[in-house]
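Take a look at the letters that make up each chain.
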Amino acid sequence: MKHPAEVQIALFAGGDVGRWERWRVARHVARCAECQHEVQSLRDAGTQLRELSGEMPDLPNALGWNRLAQEITGNIRVGLAAGEAIALFDKPASTKPRLGWNAALLLLGATAIFAIAFWSSLPPQQAEHLLASLKRIRTERIGTVIRSGAAAPDEVVVEASATGIQVKENGRTLSLMHPRSDGATVSISMQGSAGVRFVDADTGQVTTNKVYYAEQ
Amino acid sequence: MSSAYGTLGAFVRDDAFMSDRGAPPTTDTAFLAAQELQNRFISDNLRRIFLLIYRIVRNVDDAQDLTQEAFIKALQRQDQLKELDKATHWLSRIASNTAIDFLRRNGKVNFCEIDTLVEPLSEPSESPEQAVLRSEHRAYLEEGLSVLTDRERTALLLRDVEELPAELVAEQMNCSKATVRSHIANARIKMKRYMERSRRAAQRKPS
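Quick caveat, the model's predicted, so the values are computed rather than measured. Along each chain, numbering runs from 1 in the same order as the chain's sequence is written. Chain letters and ligand numbers both follow the written order, the letters beginning at A and the numbers at 1. Note on the predicted model: pLDDT of at least 70 is required for a residue's local features to be given, and 80 or more for side-chain atom pairs to be given and counted; whole-chain, interface and lining totals, by contrast, use all residues.

Here the focus is the overall build of chain B. Helices and strands together make up the secondary structure of chain B, namely 8 helices and 0 strands. Starting at the N terminus and ending at the C terminus, chain B contains elements arranged as α-α-α-α-α-α-α-α. Partitioning the contacts of chain B with sequence separation of at least 6, the portion at a separation of at least 24 is 67%. Where helices and strands are cited, they refer to DSSP runs of H or I of at least four residues and of E of at least two residues respectively, numbered from the N terminus. Residues are scored as being in contact if the C-beta atoms we place from backbone atoms lie within 7 Å.

The next subject is the overall build of chain A. Broken down by element type, chain A carries 6 helices and 7 strands. Along chain A, helices and strands appear, N-terminal first, in the series α-α-α-α-α-α-β-β-β-β-β-β-β. Buried means a residue has 20 or more other C-beta atoms within 10 Å of its own C-beta, exposed means 12 or fewer, and partly exposed covers the counts in between; C-beta atoms are placed from the backbone. Counting the 216 residues in chain A, one finds 15% classified as buried.

Next up on the list: the pairing of strand S4 (residues 172-177) of chain A. All names here are of chain A. Of all 6 residues that make up S4, 0 are buried, and the element is exposed over most of its length. Any two strands with at least two DSSP-identified bridges between them are counted as paired. Where strand S3 (residues 164-169) meets S4, 6 bridges bridge the pair, whose relative direction is antiparallel. Following the sheet pairing, Glu169 is matched in S4 by Arg172. The turn joining S3 and S4, which pair antiparallel and follow one another in sequence, is formed by 2 residues; a positive phi near 50° is taken by Asn170.

With that out of the way, let us pick up the nonpolar core. The nonpolar core criterion groups buried Ala, Val, Leu, Ile, Met, Phe, Trp, Tyr and Cys residues into a set whenever they are joined through C-beta atoms within 7 Å. Membership of the largest hydrophobic core comes to 63 residues, with the highest contact counts inside it found for Ile53 and Ala70 of chain B. The element best represented in this core is helix H1 (residues 25-57) of chain B, accounting for 10 residues. Segment limits for the domains were obtained from an automatic or database-derived domain assignment. In terms of domain composition, this core takes at least three residues from each of domain 1 (6-52) and domain 2 (60-89) of chain A. Here Ala70 of chain B is in contact with Ile49, Ile53, Leu91, Ile94, Ala95 and Thr98 of chain B, once residues within four sequence places are set aside. In this structure, Ile165, Ile188, Ala194 and Phe198 of chain A belong to the second largest nonpolar core, which totals 8 residues.

Here we come to the confidence of the model for chain B. All names here are of chain B. Chain-level statistics for chain B give a pLDDT mean of 76 and a share of 68% at 70 or above. A score between 0 and 100, pLDDT records how confident the predictor is in each residue. Contacts of residues 1-25 to residues separated by more than four positions or lying in other chains number 41 contacts, the stretch itself having pLDDT below 50. Listed scores for the predicted complex are pTM 0.57 and ipTM 0.70.

Turning to unusual backbone geometry, a few remarks are in order. All names here are of chain B. The phi angle at Arg58 is positive, at roughly 60°, despite the residue not being glycine. Mapped onto the fold, Arg58 is located in the loop between H1 and helix H2 (60-76). Among the residues examined, Arg58 registers 16 C-beta atoms within 10 Å and is labelled partly exposed. For Asn174, which is not glycine, the phi dihedral falls at a positive 60°. Tracing the chain through its elements places Asn174 in the loop between helix H7 (166-173) and helix H8 (177-204). The class of Asn174 is partly exposed, set by 14 C-beta atoms lying within 10 Å.

Residues and elements named next belong to chain B. Examined against the element boundaries, Thr88 turns out to sit in helix H3 (residues 84-107). What makes Thr88 partly exposed here is the crowd of 16 C-beta atoms within 10 Å. Measuring from C-alpha to C-alpha, the distance between Thr88 and Ile49 comes to 9.8 Å, with 39 residues separating the pair along the chain.

Chain A puts 33 residues into the contact, and the matching count from chain B is 33 residues. Sort the elements by how many residues they give to the side of chain A that touches chain B and helix H4 (residues 65-89) of chain A lands first, with 12 residues. Of the residues assigned to the side of chain A that touches chain B, the class counts are 17 nonpolar, 10 polar and 6 charged. All amino acids are sorted into three groups, where Ala, Val, Leu, Ile, Met, Phe, Trp, Tyr, Cys and Pro are nonpolar, Asp, Glu, Lys and Arg are charged, and the leftover types, Gly among them, are polar.

All names here are of chain A. In this model helix H3 (residues 33-52) runs 28 Å from its N-terminal to its C-terminal C-alpha over 20 residues, within 8% of the 28 Å that 1.5 Å per residue would give. By the burial criterion, the buried members of H3 are Cys35, Glu38, Leu42, Ala45, Gly46, Leu49 and Leu52. Taken end-on, H3 shows its buried residues confined to a sector of 140°, consistent with a single buried face. Exposed residues lying more than 90 degrees from the buried face of H3 are Ala33, His37, Gln40, Thr47 and Glu51. Helix span, expected: 1.5 Å multiplied by one less than the number of residues in the helix. Along the arc lie the directions from the helix axis toward the C-beta atoms.

Here we take up the packing of helix H1 (residues 6-13) of chain A against H3 of chain A. Residues and elements named next belong to chain A. Between H1 and H3, the shortest axis-to-axis distance is 9 Å and the interhelical angle comes to 55°. Here H3 runs oblique to H1, going by the angle between their axes. In the packing of H1 onto H3, the handedness of the crossing is right-handed. Every residue of H3 that contacts H1 at Ile9, Ala10, Phe12 and Ala13 is listed here: Cys35, Glu38, Val39, Leu42 and Arg43. Of the residues in the contact of H1 with H3, the class split is 7 nonpolar, no polar and 2 charged. Every angle, taken between N-to-C directions, lies between 0 and 180 degrees, and every axis is a line fitted to C-alpha atoms, over only the stretch in contact when it is a helix. Here the angle decides the label: under 35 degrees means roughly parallel, over 145 means roughly antiparallel, 65 to 115 means roughly perpendicular, and every other value means oblique. Rotating anticlockwise by less than a right angle from the far helix to the near helix defines a left-handed crossing, while the corresponding clockwise rotation defines a right-handed one.

This part takes up the pairing of S3 of chain A. With 5 bridges joining them, strand S2 (residues 157-161) of chain A and S3 of chain A adopt antiparallel strand pairing. When the bridges of S3 of chain A are listed, Ser161 of chain A appears paired with Gly164 of chain A.

All names here are of chain B. The end-to-end C-alpha distance of helix H6 (residues 150-161) is 15 Å, a good match for the 16 Å that 12 residues give at a rise of 1.5 Å each. Burial runs high along H6: 10 of the 12 residues are buried. Of the residues flanking the end of H6, it is Glu163, one or two places downstream, whose phi is positive at about 60°.

Right, let's talk about the environment of Arg153 of chain B for a bit. Residue and element names in this part refer to chain B. Locating Arg153 in the fold gives a position in helix H6. Residue classification places Arg153 among the buried residues on the basis of 23 C-beta atoms within 10 Å. C-alpha of Arg153 to C-alpha of Val57: the two residues are 96 residues apart in sequence and 9.6 Å apart in space.

Okay, here's the thing in structure tokens:
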């Protein structure tokens, strides 16, 4: 009697053969004590494997399963919370419709009217100062506020640049420097203040330095 | 807030701190119930999943990391966790996939190569009877599993311990059903021979 291949018997024992193959092997096994024994041994081995698979392995440093389970559970919670926190930052950008052309033109027109009205309402001296300051910003790429007139030696000058803010008076200078940052934003105001706003590349922290000049 | 609290709700919600500002108490009740359900899901499955992963990767530290990874992956995909029984099955799939990916990454194991059916390397160091007496089932099992290759062990555990159909095992191991059937058959034969040798060794030893 020709026995089925060992591999066939192994698959048959676990129910992993097709219908025709199952019928063919079952017919042989029913009449062959040797193959019956083989099938039974394979099934016994499978049963033993399932029973033993529930055994916990030796855990390192006498760490009990309960302790390890607590540790794993805690880490799962941290992982889930971290995932949720990251997901908040990864939310897709708002899908609000962009400003339409008509609205943009309207806004532009309103801004122009406001600028003209503001300029015409300024006293001529202030308008000149503003014009001079804007010219300096354009040509020197720094923000400068001059308290009155040109930068005479006895005048107070508040100056802001990408490296810091300086106050100059009577030949003396007080500087408020900040770390070099590519994203520094320099601002000045007509009231005699200068500011620098920069972002720390490592921490993302935003710092704003603002220096005001107040007449005593 | 869009979490489906009827299933396995998320831990972190957009309005998690709303209770201080007078959110309806039912919201917190639902949130706590979801948390409770999630906790139970973890505790009910933790041991089983840890053991499955451990038997595949055969290292406690790696098994711990991979178990955490598997649960996090499963609980982040709440749409797959609508019903607990399906969630349990889904978790097993994620766990075995995570372990298989780990073996692929670290051991460069190709699950689709077929191993030759060679005899296990060594005689078992102890009989199953002695192992039972000394409550060392695990040593006996681990020694038995050590005669299998990574692919045979993984296929055998998924088919005969996790009782997944061969088609699913093939899908998880990302190879053909014929290859997986070969892994399963070889693994069963090797395990049977190992157990038979153990028994013979026990009979030879004086009682």
